[in-house]
Amino acid sequence: YPTNVHFVSGASNTTLRAMGVRSRSEPFLAWCVSRGCDLTKVALRDSTRDGKDFVNDKGDAIGSADDSARGRGVYTTVDIKAGECILSVPYSACISPAGLGRFAGPLDDATPPFENATPAECLAWNLLEARGGASSDAWKGYVNALPDLIDTPTSGQWTGKEVAELQVGEAVFQASLTLGKDSKAASKIAGTGGIPGGGDDAEVAKEWAWALACVRSRAIALDADGGTTQTLLVPFVDMLNHTHETPNTEWTTGAGEGVFEEGKDEGKAGDGKDDGNASKTSSENTTSVVIVAKQDIAAGDELTISYATNTNLDSFCLYMGFLGGHNPNDSVELFKTLRHAAQWYSQTFKSETGEVVVDLEKAFAVADAFSERSAIGKQSGQPSDELRLGWGGRVAATLVDMLVYFNKQIMPEKDSEAMASLAVRVRCDELLTQMPTSPETDLEWLEQTAVAETTGEDQADPSSEGETNKASKTVALERKKLAVEYRLRKKGLLMHFIEG
């Protein structure tokens, strides 16, 4: 057994969970080392959450939807200095849209699963190649370590009713759109030869959904030649857990040894074709994905990474199946378009006698003018200006400017910026009341669920249930917890602005 492989079990190392983690991890770690990964400074171990990042108004912890989602984590075994390379994974151990054991380079010589397939879909197809294709024996050490099931609203596991529990319109729409697109892609694959390893239409749909879910929840983005960004599945790196704030590591490319210096010795991928053999990569010129410390890290601390920066909760909930606690980058969509906002303003703010004070056609003309100005701003390199509300009272500048303009036209004697803030509060209250449940109801449900889980209570008599039925109920409960906490965090953001 390789001496530079570490597995450290948690405190309850006699539990079935810990033994299960270890039985899956040991062959995976040995495979990583055989592929040339440098893991001498790290260890895998069970990484449970304490559930204290979500509390009620009294400050009491009521658990979190993420408590059951967190599995393994990566921990340091030595003290690490800021800027130090902690671990490295050669491209020959990675899966990219271009193929197995290759960096995410040009797709000219790649074989897409169907015409006009996206890079993410090409990556998912190559994962299926690693699972059931000609080189599957060489990749089973990695593939067998991947989750058998990734339970997210877009993985095809949730029912329509369960997706609807998210309540936030844009999230429900995005989930439905993704599921429909994935279903069409699966039909294309089934109609043009199926997947590596074979299977009927139902098996194709199941395997395709699994591969896409793996890519969406585990792939990382790296800069490629030509200034493009492409995605890879990087074994072991995909075991690092995410944090929204102050991750202590980051990924990049480098030689994989010593202290990484940005911009130095960044090699290019070779032909990287996988011959089915697990080869060492000891050459100093071998380019790898490396994890670099952003700060000093003490031995025994968990390594954390940011899967996606400046990203709201939707991506984490819909595609990764967790929330990650408070996200300072979270936001809520206020309006789809400026025309939508202008129409809402015209219909909402009327005279005391109920007369329209902002003509709808003129409001549309103003919205179009602001939209054009915003588009010019985007072309000049200014950041995208979606019509959203974020924490700290962040509201899209274009929306605020348009509301101020309207206010100056119809209420010149008023503070137009204060009235714009009032308009946003009215919209927030409207969005809250449109949701089927109140924040108070959601919080009460989470509290009751936490109490029931702590005391071991169940709504049904356990003796009257089969194991399969109990497992199904547990899965359904975890899905609802994710949906309820997701929508409650969105409602909390709206309430935060309303209460000022």
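Going by the structure above, here's the rest.
This is a predicted model, so every value here is computed, not measured.

**Considering the overall build of the protein**
Here is step 1: Helix and strand content of the protein: 13 helices and 14 strands.
Here is step 2: Restricting to contacts in the protein with at least 6 residues of sequence separation, those with at least 24 account for 77%.
Here is step 3: Looking at the protein as shown, the accessible area adds up to about 24,600 Å², and 49% of this sits on carbon and sulfur atoms.

**Observations concerning the sheet that holds strand β3 (residues 85-90)**
Sheet strands associate in pairs through backbone hydrogen bonding, adopting either a parallel or an antiparallel arrangement.
Here is step 1: Spatially, the 3 strands line up as an open sheet ordered β3-β10-β9, and their pairing is antiparallel. The sheet is open, and its two edges are formed by β3 and β9 (249-254), each paired on a single side. In this sheet, adjacent strand axes meet at a mean angle of 25° when their direction is disregarded.
Here is step 2: Judged from the 5 bridges that link them, β3 and strand β10 (residues 288-293) form a sheet pairing that is antiparallel. When the sheet's bridge partners are listed, P90 is paired in β10 with S288.

**Describing the nonpolar core**
Taken as a class, soluble globular proteins show a tendency for nonpolar side chains to be buried jointly.
Here is step 1: Within the largest apolar cluster, 63 residues are counted, with the highest numbers of intra-cluster contacts made by F28, I95, W208, F236 and V237.
Here is step 2: Every residue in contact with V237, bar those within four places of it in the chain, is listed here: L87, V89, I220, W251, V289 and I291.
Here is step 3: By size, the runner-up hydrophobic cluster in this structure holds 51 residues, among which are L166, L313, L318 and L389.

**Focus: the side chain of E302**
Here is step 1: Here E302 is to be found in the loop between β10 and β11 (304-305).
Here is step 2: Judged by its relative accessible area of 17%, E302 is buried.
Here is step 3: A distance of 2.8 Å separates the side chain of E302 from the side chain of N241, its partner in a polar contact.

**Here's the deal with the packing of helix α2 (residues 119-132) against helix α3 (residues 136-143)**
Here is step 1: Two elements in contact, α2 and α3, have axes separated by 6 Å at closest approach and are oriented at 110°. In terms of axis orientation, α2 runs roughly perpendicular to α3. Every residue of α3 that contacts α2 at E129, A130, R131 and G132 is listed here: S136, W139 and V143.
Here is step 2: Counted by class, the contact of α2 with α3 contains 3 nonpolar, 2 polar and 2 charged residues.

**Some points on unusual backbone geometry**
Here is step 1: A positive phi angle is found at N116, which is not glycine, with a value near 65°.
Here is step 2: Relative to the helices and strands, N116 is located in the loop between β5 (99-100) and α2.
Here is step 3: One non-glycine residue, T246, lies in the positive phi region at around 45°.
Here is step 4: Mapped onto the elements, T246 comes out in the loop between β8 (241-242) and β9.

**So, the sheet that holds strand β12 (residues 331-333)**
Here is step 1: As summarised here, the arrangement of the 3 strands in space is β12-β13-β14, forming an open sheet in which the pairing is antiparallel. Of all the strands in the sheet, just β12 and β14 (394-395) have a single pairing partner and so form its edges.
Here is step 2: Here β12 runs beside strand β13 (residues 388-390); their pairing, made up of 3 bridges, is antiparallel. Residue pairing in the sheet places E333 in a bridge with R388 of β13.

**Considerations on the pairing of strand β1 (residues 42-46)**
Here is step 1: Burial analysis of β1 places 4 of its 5 residues in the buried class, which makes it a mostly covered element.
Here is step 2: Sheet topology places β1 next to strand β2 (residues 72-76); 5 bridges connect them, and they run antiparallel. Its bridge partner lying in β2, D46 is registered against R72.

**Observations concerning the side chain of T152**
Here is step 1: As for its position among the elements, T152 is in the loop between α3 and α4 (160-164).
Here is step 2: Setting aside residues no more than four positions away along its own chain, T152 makes contact with W158, C317, L318, Y319, M320 and G321.

**Topic: the packing of aromatic side chains**
Here is step 1: On inspection of all chains with the given rule, the structure shows 13 aromatic pairs.
Here is step 2: Here F28 and F236 contribute two aromatic rings whose centre-to-centre distance is 6.3 Å and whose plane-to-plane angle is 10°, an arrangement assigned as stacked. Linking F28 in helix α1 (residues 16-34) with F236 in the loop between β7 (229-232) and β8, this pair joins segments that are 208 residues apart in sequence. F236 matches F28 in its accessibility class, with the two residues each being buried.
Here is step 3: Relative to W344, the ring of F335 lies with its centre 5.3 Å away and its plane at 55°, an arrangement referred to as tilted. Both residues of the pair, F335 and W344, count as buried.
Here is step 4: The rings of F335, W344, Y345, F349, F370, Y405 and F406 are connected pair by pair, giving a single aromatic cluster.
Here is step 5: Across from the ring centre of Y75, 3.8 Å away, lies the NZ or CZ of R45, which sits over that ring.
Here is step 6: The side chain of R339 reaches across the aromatic face of F364, ending 4.4 Å from its centre.

**Description of the pairing of strand β6 (residues 220-223)**
Along any regular strand, the residues point their side chains to alternate faces of the sheet.
Here is step 1: Across the two faces of β6 the burial differs, with I220 and L222 buried and A221 and D223 not buried at all.
Here is step 2: In the sheet, β6 pairs with β7 via 4 bridges, with the strands oriented antiparallel. Counted as the bridge partner of L222 is Q230 from β7.

**So, α3**
Here is step 1: The element α3 is largely enclosed, with a buried count of 6 among its 8 residues.
Here is step 2: Turning to α3, its buried residues are S136, A138, W139, G141, Y142 and V143.

**Quick notes on the environment of S331**
Here is step 1: Note on placement: S331 falls in strand β12.
Here is step 2: Beyond its immediate stretch of four places on either side in the chain, S331 contacts N312, R388, L389, G390, K490 and L493.

The rules behind the values
- Residues numbered from 1 in each chain as written.
- Predicted model: local features only at pLDDT ≥ 70, side-chain atom pairs only at ≥ 80, totals over all residues.
- Heavy atoms only, no water.
- Helix = DSSP H or I, 4+ residues; strand = E, 2+ residues; numbered from the N terminus.
- Contact = heavy atoms within 4.5 Å.
- Areas by Shrake-Rupley, 256 points an atom, 1.4 Å probe, with all protein chains shown as cover.
- Pairing = 2+ DSSP bridges.
- Axes fitted to C-alpha atoms, helices over the stretch in contact; angles between N-to-C directions.
- Core = buried A, V, L, I, M, F, W, Y, C linked by side-chain atoms within 4.5 Å.
- Buried < 20%, exposed > 50% of the residue type's maximum accessible area, 1.4 Å probe, protein only.
- Polar contact = N/O pair within 3.5 Å; in protein donor to acceptor, adjacent residues only side chain to side chain.
- Parallel < 35°, antiparallel > 145°, perpendicular 65-115°, else oblique.
- Nonpolar A, V, L, I, M, F, W, Y, C, P; charged D, E, K, R; others polar.
- Phe/Tyr/Trp six-rings, centres within 6.5 Å; stacked < 30°, edge-to-face > 60°.
- Lys NZ or Arg CZ within 6 Å of the ring centre and 35° of its normal.

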